[in-house]
Amino acid sequence: MSRVVELSLRAIVDSRGSPTVEAEVADGEGHRGRAGAPGGASTGAHEVPAWPKGGVPVALEQFQKELRPVLLGRELEDARGWDAALHAVDGTEEFSRIGGGVATALSLAAAIARAEALGVPLWKSWLRPGLDGSGRPMIVGNCLNGGRHAIGGPEFQEFHAISSSPKTADAVRGAIAVHRAVGEALHAKFPELALGRGDEGGWVAPVGSLEGLEILARACEEVRDATHLAVHPGLDLAASEFFNDGRYRYRDHSLDAEGQHAFLVRLVERFGLRYVEDPFDEEAFDSFAQFTHAVGDRTLVVGDDIYTTSVARLERGIAERASNSVLIKVNQVGTLTDTFATVDRARAAGWSTVASHRSGDLPEGWLAHFAVGAGSRGLKCGILGGERVAKLNELLRVAAPA
Ligand code: PGA
Ligand code: ZN
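Remember, predicted model here, so these are calculated numbers, not experimental data.

Draft legend 1. Structural detail: the site of ligand 1. Ligand 1 sits among 15 residues. The nearest are Ala-41, His-149, Arg-358, Ser-359 and Lys-380. Asp-236 has a polar side-chain atom sitting 3.1 Å from an oxygen atom of ligand 1. Side-chain polar atom of Asp-304 to an oxygen atom of ligand 1: 3.1 Å apart, as the coordinates give it. When ligand 1 is considered free in solution it has 280 Å² of accessible area, and contact with the protein chains removes 100% of it. Partitioned by chemical class, the residues of the shell around ligand 1 number one nonpolar, six polar and eight charged. No fewer than three residues from each of domain 1 (4-119) and domain 2 (138-399) sit in the shell around ligand 1.

Following this line, the structure appears as structure tokens:
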């Protein structure tokens, strides 16, 4: 049993250059953990707020005054007690006083130090009951960015390669091949344009949502034909971001909920989508349920903004059969204890989970351990960019230890 003797929180920046924090935790025997809080751009309305009023500087002050004295000296092994102390100091329902970003960094850093103290790999310390850690997530890798992650791009926020293989190296190889093929297709289509990459490392180009999906689906097909790797198209629409006054608003037209449903069912059929995240507004449980009823046997219907990793929101989703999968982001709820409660509830309902990065992220690899420990169906971590590759490489390390 070791106690926390060192504890610090410092200001750093994420992959978008936005301010965030990282925590460092150590016990008296030299076991250390360090982790930062990622940050979203298309945040769900029900996520915990990342920072107190006044932002990171106020968060750091509060940490010194209120959190540090309470956390120092605590037993490192007591994960629940550590996370409960974060809630107790905060005193609100949703970390609005200390900030969800602070809670996330402290919860994660302690977990990493704890695994060190226990002498086990991180994924093993996070293993859910009944699992042995042999499951490998498919890669949900962003190839084309839109929405809030790419100015001038499509309305749909993310166009993914869904790459699965019993061999992690093949899953990674497949995702990268699709990313490359999408880039080649875009360069061929826009020979005069300088193309770039968006917040999650996918390409940015002046294409519409349907056009983007056509390019992605063709790229997947080419890679399948050339390599026989299992790569298929998937989407995160982040539809709340283009839902206004009861309609889903595209560049030159808009759709009501029925129209959006019919449009998306056609896309699933025509392109063989294997993954559809946030197809409707974050409050539209009924639209989600209707869509899952129609295509849930063929594709993962994944809820992100609708659940925001909250077990209470998920409970409603399960009761209404709103989807068959839930996206998991630690910083949407602020602690690993809360996050695993949501994972365990999803598993009990027979739903899958997808462990996810944020659009503003850090070059850290813990998410790969999380996906393996939680038995997640998918690891959604992008493909290119240092903060994205960090997670893919960590998954490769977990799959093939030295
Ligand atoms: P965010 O986007 O990190 O900007 O919220 C990711 C997502 O919607 O899945
Ligand atoms: Zn999403």
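Draft legend 2. Just helix α7 (residues 257-271), in detail. Counted at 1.5 Å a residue, the expected span for α7 with its 15 residues is 21 Å, and the 21 Å between its end C-alpha atoms agrees. Among the structural elements, α6 (209-227), β8 (230-236), β10 (247-249), β11 (254-255), β12 (275-277) and α8 (285-295) are those in contact with the buried residues of α7. Two residues or fewer past α7, Gly-272 is found with a positive phi of approximately 60 degrees.

Draft legend 3. Here's a closer look at the coordination of the zinc ion (ligand 2). Every protein donor of the zinc ion (ligand 2) is listed here as Asp-236 (OD), Glu-277 (OE) and Asp-304 (OD), and their distances to the metal cover 2.0 to 2.2 Å. Along the chain, the residues that donate to the zinc ion (ligand 2) are spaced as D-x40-E-x26-D. One end of the pair, Glu-277, is in strand β12; the other, Asp-304, is in the loop between β13 (300-303) and α9 (311-319), and 27 residues separate them in sequence. Since its relative accessible area comes to 3%, Asp-304 is described here as buried.

Draft legend 4. Layout of the sheet that holds strand β1 (residues 4-13). Across the sheet, which stays open at both edges, the three strands sit in the order β1-β2-β3 with antiparallel pairing between neighbours. A strand with exactly one partner marks an edge of an open sheet, and here the two such strands are β1 and β3 (32-36). Strand-to-strand twist of the sheet, defined as the mean angle between neighbouring strand axes without regard to direction, takes the value 15 degrees. Here nine bridges tie β1 to strand β2 (residues 19-27), and the two strands are oriented antiparallel to one another.

Draft legend 5. Geometry of the sheet that holds β10. With antiparallel pairing, the three strands of this open sheet are ordered in space as β9-β10-β11. Each having just a single partner strand, β9 (243-244) and β11 make up the two edges of the open sheet. Of the pairings in the sheet, the one linking β9 to β10 comprises two bridges and is antiparallel in character. In the sheet register, Asn-244 faces β10, and the bridge partner there is Arg-247.

Reading the values: the criteria
- Residues numbered from 1 in each chain as written.
- Chains lettered and ligands numbered in written order.
- Predicted model: local features only at pLDDT ≥ 70, side-chain atom pairs only at ≥ 80, totals over all residues.
- Heavy atoms only, no water.
- Near = heavy atom within 4 Å.
- Polar contact = N/O pair within 3.5 Å; in protein donor to acceptor, adjacent residues only side chain to side chain.
- Areas by Shrake-Rupley, 256 points an atom, 1.4 Å probe, with all protein chains shown as cover.
- Nonpolar A, V, L, I, M, F, W, Y, C, P; charged D, E, K, R; others polar.
- Domains from an automatic or database assignment.
- Helix = DSSP H or I, 4+ residues; strand = E, 2+ residues; numbered from the N terminus.
- Expected span 1.5 Å × (residues − 1).
- Contact = heavy atoms within 4.5 Å.
- Donors = N, O, S within 2.8 Å, 3.2 Å for Na, K, Ca; no water.
- Buried < 20%, exposed > 50% of the residue type's maximum accessible area, 1.4 Å probe, protein only.
- Pairing = 2+ DSSP bridges.
- Axes fitted to C-alpha atoms, helices over the stretch in contact; angles between N-to-C directions.

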